[in-house]
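So you can see what is in the structure, the chains are spelled out below.
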Amino acid sequence: MQEATKEVRVSIDHPQEDERVTTPSYSFRIKAPLNAEHVDVSIDGSAWARCRYASGYWWHDWSGYGPGPHEAVARIRPFDSRGFILRTRRFTVELASAPEERPVRRAATLHTTIVPNSPGALAKVLAALAEEKLQVSCLLAVNVGDAAVIHFIAGPGELARPELAERLLRAGIKTIAREVLALSLAKSPCQLGSLAKTLADGNIGVRCLFGAASSDALRVIVAVDRVEAALGYLASAKL
Amino acid sequence: MLRQQTVTQYSVVVPNEPGELARVTHLLTEEGVNLEGVISVNVGDTSNVQFVAGRSDGLRRRLEDAGLRVLENQVFHIQLRREPEELNRLATALCDDGINILSLYGNLDGELVKLVLAVDRPERAAAVLSRLRVPAAR
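None of these values were measured; they are calculated from a predicted model.

K.L.:
Sorry, what's going on with the overall build of chain B here?
P.N.:
Looking only at helices and strands, chain B features five helices and six strands. Listed N to C, the secondary structure of chain B is α-β-α-β-β-α-β-α-β-β-α in terms of helices and strands. Counting the 138 residues in chain B, one finds 41% classified as buried. The contacts of chain B with a sequence gap of at least 6 include a subset with a gap of at least 24, amounting to 67%.

Next comes the structure, spelled out in structure tokens:
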């Protein structure tokens, strides 16, 4: 068991030892060998919670905690082992005074549809939207192999989501709808950098990001794996 | 002639991991560029980051010095009136000329829609845009 522990690279990447956690939600990141069967986390002696695997790491989302010192233990079970590898991390939560206000809601509904990668496929979708008098306020169409993935936000803005979905279906467009971040940033990449760093520090996965400059701002749409947590981090970072 | 109607779009591929987009934008910040458009799309283990920068002297070298492989292509940065039919008219005209859209992205800006358009046949697309009297974004 001890020998096996020495051979594999296992660590709790986030939080680091003695890290100060200042956000209202947090994602633990654990690095484990490729042959890990599963990874669990226990915080302050609580029951083991199963971690999820994404982007080469194991993750545990944590929220609802109080200030003060905490201890987390991660256990990793390799496929070829009957024992666990354990790693421990001590850190401190220092929350700012209780959130005085909810973060400003800056989310929108992004619709995604997939069509063949051929001339006319995008035109067909846009023609259907125009026929239904649906205004596209944000658009990203990008080719991925044999397919073209089209993301768009359609309005008018006051249209309720079910009605919009019905009109899209009537137009023959089957979409997947999801909440995304809709932000207005300075045109300098500095704020975009702060946004990317804030999301990375919160271990929020960015699935897709696109934006274009208007006369005075860079309007950005960001599809993330945890919208509510991302909004919390952005509010904490005053973005 | 085409160069006068197009702008350079840069593409870099980075691992699909938290922090990689921040690494790219940090380099752009250090170069002091203004972004006119940006996309980051995940494909499997990698993320493809594409952007159009307002001023880009030395940008390519800065990115390459940071170990990134940089691709450049010429794209159109255009503006349309904010009417549902306008986008459709553009896409249909490109299609009728056998032009495939590689990527298209943009946002509303007041009464205009500003778009970055990449196609497989830029010369032919330039002629279509001229015919439709589609102006460059300002």
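K.L.:
Please clarify how the nonpolar core should be interpreted in this entry.
P.N.:
Nonpolar side chains in soluble globular proteins tend to be buried together. With 90 residues, the main nonpolar core has Leu-122 and Val-222 of chain A together with Leu-117 of chain B as its most contacted residues. Examining the composition of this core, we find that eight residues originate from one element, helix H2 (residues 121-131) of chain A, more than from any other.

K.L.:
It is not clear to me how the interface of chain B and chain A should be interpreted in this structure. Could you clarify?
P.N.:
The figure often quoted for interface size is the accessible area lost as the parts come together. Residue-level contacts link 42 residues of chain B with 45 residues of chain A. The pairing of strand E14 (residues 206-213) of chain A with strand E2 (residues 35-43) of chain B spans five bridges and is classified as antiparallel. Residue pairing across strands places Leu-209 of chain A opposite Ser-40 of chain B, the latter belonging to E2 of chain B.

K.L.:
It is not clear to me how the pairing of strand E9 (residues 85-93) of chain A should be interpreted in this structure. Could you clarify?
P.N.:
Working note: regular strand, side chains alternate between the two faces of the sheet. Residue and element names in this part refer to chain A. Bridge count between strand E2 (residues 20-21) and E9: two bridges; the pairing is parallel. In the strand pairing of E9, Val-21 is matched with Val-93. Of the strand pairs in this sheet, strand E8 (residues 68-78) and E9 are connected by nine bridges, and their pairing is antiparallel. Directly across from Gly-68, in E9, lies its bridge partner Val-93.

K.L.:
Explain the confidence of the model for chain A here, please?
P.N.:
Residues and elements named next belong to chain A. For chain A, per-residue confidence averages 80 on the pLDDT scale, and 88% of positions sit at 70 or higher. Below a pLDDT of 50 lies the segment residues 1-6, which in the model reaches four contacts outside its immediate sequence neighbourhood of four places, other chains included. Scored below 50 in pLDDT, residues 98-105 makes five contacts in the model with residues more than four places away or belonging to other chains.

K.L.:
Quick question: what am I supposed to make of the sheet that holds E9 of chain A here?
P.N.:
Backbone-to-backbone hydrogen bonds join strands into a sheet, with any given pair of strands oriented parallel or antiparallel. The strand order across the open sheet formed by five strands is E2-E9-E8-E4-E5 (chain A), and the pairing between neighbours is mixed. Here the strands that pair on one side only, and so sit at the sheet edges, are E2 and strand E5 (49-50) of chain A.

K.L.:
How do you make sense of the packing of H2 of chain A against helix H4 (residues 84-96) of chain B when you look at a structure like this?
P.N.:
Interhelical geometry of H2 of chain A versus H4 of chain B gives an angle of 155° and a closest axis separation of 8 Å. Taken together, the axes of H2 of chain A and H4 of chain B lie roughly antiparallel to each other. In the crossing of H2 of chain A with H4 of chain B, the sense of the turn from one axis to the other is left-handed. Across from Leu-122, Ala-123, Leu-126, Ala-127, Leu-129 and Ala-130 of chain A in H2 of chain A, the residues of H4 of chain B making contact are Pro-84, Glu-85, Leu-87, Asn-88, Ala-91, Thr-92 and Cys-95 of chain B. Per-class residue counts for the contact of H2 of chain A with H4 of chain B are ten nonpolar, two polar and one charged.

K.L.:
When you look at the sheet that holds strand E3 (residues 25-31) of chain A in this model, what are you seeing that I'm missing?
P.N.:
Residues and elements named next belong to chain A. The four strands are arranged E1-E3-E7-E6 in an open sheet whose pairing can be described as antiparallel. This sheet does not close on itself; its edge strands, each paired only once, are strand E1 (11-14) and strand E6 (52-54). Each adjacent strand pair in this sheet contributes to an overall mean axis angle of 35°, direction not counted. The sheet contact formed by E3 and strand E7 (residues 57-63) spans six bridges and is antiparallel. Bridging across to E7, Ser-27 finds its partner in Asp-61.

K.L.:
Looking at this structure, I do not really get the pairing of E14 of chain A. What am I missing?
P.N.:
Residues and elements named next belong to chain A. Burial analysis of E14 places seven of its eight residues in the buried class, which makes it a mostly covered element. Pairing of E14 with strand E15 (residues 218-224), which is carried by seven bridges, proceeds in the antiparallel orientation. From the neighbouring strand, Ala-212 faces E15, where its bridge partner is Arg-219.

Procedures and definitions
- Residues numbered from 1 in each chain as written.
- Chains lettered and ligands numbered in written order.
- Predicted model: local features only at pLDDT ≥ 70, side-chain atom pairs only at ≥ 80, totals over all residues.
- Helix = DSSP H or I, 4+ residues; strand = E, 2+ residues; numbered from the N terminus.
- Buried ≥ 20, exposed ≤ 12 C-beta atoms within 10 Å, placed from the backbone.
- Contact = placed C-beta atoms within 7 Å.
- Core = buried A, V, L, I, M, F, W, Y, C linked by C-beta atoms within 7 Å.
- Pairing = 2+ DSSP bridges.
- pLDDT = per-residue confidence, 0-100.
- Axes fitted to C-alpha atoms, helices over the stretch in contact; angles between N-to-C directions.
- Parallel < 35°, antiparallel > 145°, perpendicular 65-115°, else oblique.
- Left-handed = near helix turned anticlockwise from the far one by under 90°.
- Nonpolar A, V, L, I, M, F, W, Y, C, P; charged D, E, K, R; others polar.

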